[in-house]
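One letter stands for each residue in the lines below.
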Amino acid sequence: MADGSRGGQGGVTRRQFLQAAATTSAGAVVFTGCQIPAREFMIQSRPQMAEDILTGYENYYATVCRACPAGCGTIIRVIDGQAKKVEGNPDHPLNLGKLCARGQATVQEQYHPDRLQGPMKRTGDRGSGSFLDISWDEALDTLRGRLEQIRRQGRQSEVALITNPLRAHRHFLVERFAAAYGLQWHALDLTGEAPLREAARRAFGSEILPEFDFQNARYVLSFGADFLGPWLSQVHHSVEYGRFRQGDYRAGQFRPKTSPQRGYLVQVEPRLTATGASADEWLWVKPGSEGLLALAIGQVMLAGGAADAEGARLVGGPRALDNYAPDRVWEQIGVPAERIRQIARAFGTQRPALAIGGGTVSTHTNSTESLTAIFALNLLAGNIGRAGGVLPNPGPAINGLTVNPRRDSLRDWQSLTERIRGGGIQAVLVKDANPVFDSPGALRFQEALANAPFVASFSSFRDETTLMADLILPSHLPLEEWGDDVPDPAPGFQIHTVQQPTVRPLYDTRSFWDVVLTLGEELGSPIREALPWPTFKDLLRERIRPLHTEGRGSVRETGFERFWVRMLQQGGWWDEGRTGESRQAAAVPDVTRLTSTFPAPQFDGGDRDYPFNLVLFPHNTLGSGENAHLPWLQAAPDPMTSATWQTWVEVNPQTAREMGLIEGDIVGIETPRGRIDLPVYVHPAASPSVLAVPLGQGHTSYGRWAERRGANPLDIVAPVTDQATGALAYGATRARLVKTGRRMSLPKYEGTAESVQIEEFQILKITRDA
């Protein structure tokens, strides 16, 4: 049974209970971590909770960061009932007190002037932005009525719920609701890492992403993975990279560094990233050829006897990769054969050696095959389950939670778009997703959505998809609601982070998860039985209770209430002793297909008409556009160009001279799918054959700081896919440059003087011979 009554005759309904609780989410607990003196808590910690009091004293509350999918632990500083500052939780083993810029901007989102302040219904044409404020009762009645009508018609499968990828009990709740009602659930993450996950499954035999143990590695070979930028878990990787670089550094309570040697990093990629700029060696390769390079390195290791015996057996024996000898494939890669052999010898002899891949490697038609080849280098290095190598992660600590949250492929998304366009979808419900902006322009998703009979959005901001809604039911923001998270990937052992409300809801919003539970009660059987909890907090308490009875991990108390409070104070629960080693024995790698012909990358657009590879990359702070509404993150300079508030295209200096271009010139970037106009940034490390453009800008509706700024490069990307997973291959489009004769001043922090090489410091330049 859940904690609390479900109500009944003479009681209160779930909707009435939530209405009474809309201004307070009682139960938050003050943080008692290691970095704040005990005397501060003796003065400031009271029985009342954050959202119930107004006080001039400071209070600190542990929760989870929702600014990106990493799942870092955070501490919120609250004064007078308002969140003032966000920092990393020093007790949380994922980020150890560190936090990136996106996490810092959480408070800016909380008090954003363009937040939606209550439910609304459309009064004008769809997409016109004309809405009327309504009550929550009217909004819930409208939504429930629509869902009941569809169910009476037996068309539940014609309801589409679109979310971002969910984890932990948010995933658990939505999955149960979708199954009980019978609707389609779609998770939007078209620029995610689906090929990486499939390649990890093939190479390591597990559905769970492993921990790449940077801190204990001596030699790291990274293919496209900007792990010091927005890749998987930026803060966690940055902390481990610091230890990797500092040699004998042993601080830290979780898996302290064991190797006294300073690590050596080689970064392989077609566009220089912050990770590439921090590397000891940077290696440019032709886009889509990274997997071929990995196979050539593997061939040298096998032929030279440097490969681990078991790893060699798994890939097919010492001669399995002879077709990929450097002398045979170097021209396809763009790296001289001797250079490939040098890297292979270093990787094969400097143990522990670690090979990782992702980022730009995940954007091609052969991404899964490339990443499988890259990860197979770890088998040849014999580093699986060893310090400095690939550490298998365990599953979630709580039974019933998924280990690999659902993500729709481009194929799935194309199918949904056509169903909406053709009238096969009766209602579209959207939560924390913006498919109008995030879908390739070639899909024309906005046009399709205009044909949907009913669209409801649970967004807190008027983004492009919300603008198309008939009904808006704005959700609480992360500082106002309950939740939890299981990091993916975890740091090699089990973690369960708890999210608690740290301030009162600022406006007349509701927790989406509580709204789902309300709908479950009011829609009746079988949904009511599938969702028996009065609130999402009750669901969390009941489902987390087994962690208390197991008596292990970082929180151990005699009673559940004491356990719950301690868990909230600490920011979660973790067990360093529950690692993924048990999974390692059962893992069965599937890498034998590496011996077959490696698939060449396919591109939309011919070389003659479109001479450049279009390389798109997530913005360091804006991501793919989800954070573009926050001015702190708009103003945060790109680490390589220092550009802010704008989209730009990185052009090689030689290419710029040949076309008569200088910084700030506006050029048209044309592909077979369309055109966008962008200012030029002349980059000395840009390849002559590559045009690099950041994602994140180009919003037409998302608040005053995001709208009409830059361009969305997904508008000109071809809807081609990775052959194995069906994921969007957004690096598989070719482009050309067209002069416009217009100019603008590119906003950036660096000066306009050209870099000049002096004797002590070398400047990296890319030429056509590279």
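Given the structure is predicted, the values throughout are model-derived calculations rather than measurements.

Peer 1: Just checking my understanding: could you explain the pairing of strand β20 (residues 612–617) for this structure?
Peer 2: Within a regular strand, the side chains alternate between the two sheet faces. With six of its six residues buried, β20 lies for the most part within the structure. Going residue by residue along β20, you find F612, L614 and L616 tucked away on one face and N613, V615 and F617 tucked away on the opposite face as well. Alignment of β20 against strand β25 (residues 734–743), held across two bridges, turns out to be antiparallel. Paired with F612 across the two strands is A735, which belongs to β25.

Peer 1: Where do I start with the environment of R218 in this structure?
Peer 2: For R218, the location among the structural elements is in the loop between β8 (211–212) and β9 (219–223). Between the C-alpha atom of R218 and that of G263, which follows or precedes it by 45 residues, the distance is 4.4 Å. Setting aside residues no more than four positions away along its own chain, R218 makes contact with F244, Q261, R262, G263, Y264, Q350, R351 and P352.

Peer 1: It is not clear to me how the environment of V555 should be interpreted in this structure. Could you clarify?
Peer 2: Tracing the sequence through the fold places V555 in the loop between α20 (536–550) and α21 (560–570). With 11 residues separating them along the chain, V555 and R566 place their C-alpha atoms 6.7 Å apart.

Peer 1: So what exactly am I meant to see when it comes to helix α5 (residues 136–152) here?
Peer 2: Since the α-helix advances by 3.6 residues per turn, residues separated by three or four positions end up pointing in the same direction. Between its first and last C-alpha, α5 extends 24 Å over 17 residues, near the 24 Å set by a 1.5 Å rise per residue. Along α5, the residues classified as buried are W136, A139, L140, L143, R144, L147 and I150. Projection of α5 onto a plane perpendicular to its axis shows the buried side chains occupying an angular sector of 125°, all on one side. Following α5 by one or two positions, G154 adopts a phi angle in the positive range, close to 70°.

Peer 1: Please explain the packing of helix α6 (residues 168–181) against α20 as it appears in this structure.
Peer 2: Any two packed helices are characterised by how steeply their axes cross, that is the angle between the axes, and by the distance between the axes. At a closest axis distance of 11 Å, the pairing of α6 and α20 adopts a crossing angle of 110°. Considering the angle they form, α6 stands roughly perpendicular to α20. The handedness of the crossing between α6 and α20 is right-handed. On α20, the residues that touch H169, R170, F172 and L173 of α6 are F536, L539, L540 and R543. The residue makeup of the contact of α6 with α20, split by class, is five nonpolar, one polar and two charged.

The rules behind the values
- Residues numbered from 1 in each chain as written.
- Predicted model: local features only at pLDDT ≥ 70, side-chain atom pairs only at ≥ 80, totals over all residues.
- Heavy atoms only, no water.
- Buried < 20%, exposed > 50% of the residue type's maximum accessible area, 1.4 Å probe, protein only.
- Helix = DSSP H or I, 4+ residues; strand = E, 2+ residues; numbered from the N terminus.
- Pairing = 2+ DSSP bridges.
- Contact = heavy atoms within 4.5 Å.
- Expected span 1.5 Å × (residues − 1).
- Arc of directions from axis to C-beta.
- Axes fitted to C-alpha atoms, helices over the stretch in contact; angles between N-to-C directions.
- Parallel < 35°, antiparallel > 145°, perpendicular 65-115°, else oblique.
- Left-handed = near helix turned anticlockwise from the far one by under 90°.
- Nonpolar A, V, L, I, M, F, W, Y, C, P; charged D, E, K, R; others polar.

The values are spatial; any link to function lies outside them.
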